[in-house]
Amino acid sequence: MLQRRSNPFEGQKNVFGDPLRPCSDRPLTGFYRTGCCHTGPEDAGLHTVCVEVTEAFLTFSKACGNDLSTPVPDFGFPGLKPGDRWCLCAARWLEAFEAGKAPRVVLAATHEATLELVELEDLKRYAIDLA
């Protein structure tokens, strides 16, 4: 009898401890390209913060050596433009936050592992999805 393989991302939680919501499927994001900011042992960069990128952030990131606006077709990366949602490395978001260039955050789609590096109160200050 064949055993059904479980979803390795099942049960992953957002910063509130609720089920992790999707971040974006256009462009398709996430370290595992699932559309969610899932994480696992292979994700050394902790790509767990669902953000809505801005021109200011893209310029900042490029100046720091991480050009997110230029497409890299060999890696299936379309390049980002303002308004796109993307699973960003928690350390990069923190760096941008400290420089006053942090993009807005979708908390329901931001993985709880982010809280290992970033304070929830700081994320809430940039939240798109808080009432």
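Description of the structure in this document. (Residues numbered from 1 in each chain as written. Predicted model: local features only at pLDDT ≥ 70, side-chain atom pairs only at ≥ 80, totals over all residues. Heavy atoms only, no water.)

## Focus on the nonpolar core
- Of all hydrophobic cores here, the largest spans 26 residues; its most connected members are V49, F57, W93 and L123.
- Broken down by secondary-structure element, the contributors of at least two residues to this core are β1 (47–52), α1 (55–63), β2 (85–89) and α2 (90–98).
- Looking at this core element by element, the count peaks at 5 residues for α2.
- Non-local contacts of F57, meaning those with residues more than four positions away in its chain, are made with L68, L88, R92, A96, K101 and P103.
- Counting 6 residues, the second-largest nonpolar core is a separate cluster that includes C23, C37, C50 and A109. (Core = buried A, V, L, I, M, F, W, Y, C linked by side-chain atoms within 4.5 Å. Buried < 20%, exposed > 50% of the residue type's maximum accessible area, 1.4 Å probe, protein only. Helix = DSSP H or I, 4+ residues; strand = E, 2+ residues; numbered from the N terminus. Contact = heavy atoms within 4.5 Å.)

## Regarding the environment of L68
- Within the secondary structure, L68 is located in the loop between α1 and β2.
- Distance in space between the C-alpha atoms of L68 and L80 is 5.8 Å, their sequence separation being 12 residues.

## Quick word on the sheet that holds strand β3 (residues 104–105)
- The strand order β2-β1-β3 describes an open sheet built from 3 strands, whose pairing is antiparallel. With one partner strand each, in any of the chains shown, β2 and β3 form the two edges of the open sheet.
- Here 5 bridges tie β1 to β2, and the two strands are oriented antiparallel to one another. Bridge pairing in β2 links H47 to C89. (Pairing = 2+ DSSP bridges.)

## Description of the packing of aromatic side chains
- By the definition in use, this model includes 5 aromatic pairs.
- When the ring of F77 is compared with that of W86, the centres are 5.4 Å apart and the planes differ by 70 degrees; the resulting orientation is edge-to-face.
- The buried category is assigned to W86, whose relative accessible area is 7%.
- Arranged with centres 5.6 Å apart and planes meeting at 85 degrees, the rings of W93 and Y126 form a pair that is edge-to-face. (Phe/Tyr/Trp six-rings, centres within 6.5 Å; stacked < 30°, edge-to-face > 60°.)

## Comments concerning the state of the cysteines
- A full pass over the atoms with the stated rule returns 2 disulfides.
- Across a sulfur-sulfur distance of 2.1 Å, C23 and C50 are joined as a disulfide pair. Handedness here is read from the sign of the S-S torsion; for C23 and C50, about 85 degrees, the answer is right-handed. Of this pair, C23 sits in the segment before β1 while C50 sits in strand β1, placing them 27 residues apart in sequence. (Disulfide = S-S within 2.5 Å.)

## Things to note about the pattern of salt bridges
- Summed over all chains, the structure comprises 5 salt bridges.
- The shortest N-O distance in the salt bridge between R92 and E95 comes to 2.6 Å. Taken as a pair, R92 and E95 lie in helix α2 at a separation of 3 residues, close to a single helical turn.
- Take R92: its relative accessible area is 14%, and that puts it in the buried class.
- Given the relative accessible area of 34%, E95 is considered partly exposed.
- Put simply, D122 and R125 hold a salt bridge, and the shortest N to O gap is 3.8 Å. Here the residue D122 and the residue R125 both occupy positions in helix α3 (residues 120–125), the gap between them amounting to 3 residues, near one helical turn. (Salt bridge = Lys/Arg side-chain N within 4 Å of Asp/Glu carboxyl O.)

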